[in-house]
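Examining the three-dimensional arrangement
Each chain, letter by letter, is given below.
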Amino acid sequence: MSLSLIGIISIQAYYINNSVENEKERFRFIVKGALSYVSNTIEDNESEKYFSKYLSLDKEKKVDEDAVSQLLIYQKNNSTKEMLIYSSNIFEENYKLSSSLLDIGLDLDSISAKNIISSSSTEIYSNIDLSEKDILQNPISKIVRSGSMDEAQRLSFERSFKEISKRTPVHKRVSEEEIRKLLSNKLKKEGIGIDFEFAIYDNDLATKVRSDGFENNLTSTYKVPIFYDENNQSLYKLLVNFPDDRKYILSSIIGMILLSIVFTSIIIIAYSSALYQLLKQRKISEIKTDFINNMTHEFKTPIATINLALDAIKNPTVIENKERIIRYLSMIKEENKRMHAQVENVLRISKLEKNELNISKDRVDLHDLVDDAITHVSLLVENRHGYIKTFFEADKSSILANETHFTNVIVNILDNAIKYSPDAPKIEVYTENVGTNILLKIKDHGSGMSKAASKRVFEKFYREHTGNIHNVKGHGLGLAYVKRIVEDHQGHVSVESEKEKGSTFTIKLPLIS
């Protein structure tokens, strides 16, 4: 069971960890894509802005130099007696434009630009045997196309523009608002709506383009290049980080994590309960065995005594002796009474457990109950040459209690004090008033008990282990009965004890006026 439980928890932890890592990777992929989109969009917007201006500067263009390229293709068809002539021309006009014309901000530099025009024609001639001059004068058909090559011009312009714009400070090329708007819109489209901070760095140095709360944390910052130059290299990096990225990543799988924790907790609780019940049943089995052994021991002596007395009565020499018969009958009665008391003790605890014991309470004096209890055990104390001293210091001693049951409580504690005194029992009984309560303390100077035993001494059937020595008889029921009766009287019972120094039982009860 333990191995299975550890395996289940390990698999759950591994699965959750993998899910978190996958979610981190997905988040990283989305953020990287959003940054690349923003970087490309900013560059495209900047290039488009200045290229549009460039196209509108027709009057400002002064040709620096020009060039013409031509391609001619001749194709003869012998079967149809026709000739096809294809020609393609590219005309380039090179310009030098001042950067001030495009409002770049660097007056000393100029931008190289090209105006590229292409033209093509397709001519078909018949009768290939004619002279070249005749052919050229008599085409069957002629198709001519011409126009500006905008894409070629754009590529030429962008290269020149990147070469010069890389010297422009980055805060003049892009604003914080533009980055925030583009990045926010893109992230929201991808389902990421959490706060972010960003900045543009130049060779690991911060620039003026940054949000107020940005901190360059290497472990949680995402970055992509921005503003490539003519050699497709970039000195700038667009950086972004998310203060609540961990919370966002966990939020997407929090349901699965909670369910896993709930079901794993149920398994752990069920396992713990099963283990607890196993240990409890073993403990109950041990207690039952111990109880049976004690009961057997308690009944064995009275039964043996009764059998001996009966055998003696049967003896012809004894049957004529009336005094001996009365003595043996008295012994049988006492032993029978002793066994009855043992059975009654067990039944009384059983009734208490089932709440079947009807306890009626009346106004009684605690000092009178103590004196009555002492009377019950005085002969036992005298036989062992001991004493019981009383110190009634309580001015008020009226309590609401059941006289019989509470007398039994005090008798049980005194009986314990006598049994667990190896030498002559020396017992002191104290009373005192504390507020609206009265304290009853019964102190002995016997063998005492350990700290562990004093914590469990009021448990049913509990007896402190003394190995194989059974010098003190009992079933572990007396003090359990004491605790139940005292609590039924809205009181509290406790014990303080130390090995070889004795024990002190304290009962706290409410007074009545």
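This text follows the structure it describes.
Figured I'd write up the structure that's included with this text. Not measured: the values here are computed from a predicted model.

Each value, and the rule that gives it
In every chain, residue numbers begin from 1 and rise along the written sequence. A pLDDT threshold of at least 70 governs which residues receive local features in this predicted model, and a stricter bar of 80 or more applies before side-chain atom pairs are shown or counted, although totals over entire chains, interfaces and linings include all residues. Computation of side-chain values: all heavy atoms of the structure, hydrogens and water removed. Pairing between strands is defined by DSSP: at least two bridges between the two strands are required. Secondary structure elements are defined from DSSP: runs of H or I of at least 4 residues count as helices, runs of E of at least 2 residues count as strands, and each element is numbered from the N terminus. Only the stretch in contact is used when fitting a helix axis, every axis being a line fitted to C-alpha atoms; angles between N-to-C directions are given from 0 to 180 degrees. Our angle categories are set so that under 35 degrees counts as roughly parallel, over 145 as roughly antiparallel, 65 to 115 as roughly perpendicular, and the remainder as oblique. Helix crossings are classified by the rotation of the near helix relative to the far one: an anticlockwise turn of less than a right angle makes the crossing left-handed, while a clockwise turn makes it right-handed. Here a residue-residue contact requires only that any non-hydrogen atoms of the pair lie within 4.5 Å. A helix is expected to span 1.5 Å for every residue after the first. The angle between axes fitted to the seven residues ending at a residue and the seven residues starting there is what we call the bend at that residue. Relative accessibility thresholds used throughout: buried, under 20% of the residue-type maximum; exposed, over 50%; partly exposed, between the two (1.4 Å probe, protein chains only).

Okay, the sheet that holds strand β10 (residues 387-392) next. Within the open sheet, the 5 strands sit side by side as β10-β12-β13-β15-β14. Their pairing is mixed. Edge strands, defined here as strands with exactly one partner in the open sheet, are β10 and β14 (492-498). Taken pair by pair, the neighbouring strands of this sheet meet at an average axis angle of 15°, ignoring direction. Across 8 bridges, the pairing between strand β12 (residues 426-434) and strand β13 (residues 437-444) is antiparallel. By the bridge assignment, T431 is partnered in β13 with L440.

Turning next to the packing of helix α9 (residues 366-383) against helix α10 (residues 403-419). Between α9 and α10, the shortest axis-to-axis distance is 9 Å and the interhelical angle comes to 40°. The orientation of α9 with respect to α10, classified from their angle, is oblique. For the element pair α9 and α10, the recorded crossing hand is right-handed. Facing L366, L369, V370, D372, A373, I374, H376, V377, L380 and V381 of α9, the residues of α10 in contact are E403, F406, T407, I410, V411, L414, D415 and I418.

What follows covers α9. Working note: α-helix, 3.6 residues per turn, so residues spaced by three or four point in the same direction. In this model α9 runs 26 Å from its N-terminal to its C-terminal C-alpha over 18 residues, within 8% of the 26 Å that 1.5 Å per residue would give. Remark: the principal bend of α9, roughly 50°, maps to V377. Taken residue by residue, α9 has L366, H367, L369, V370, A373, I374, V377 and V381 as its buried positions. Tucked inside the fold, the buried residues of α9 contact β9 (362-365), β10, β11 (398-401), α10, β12 and β13.

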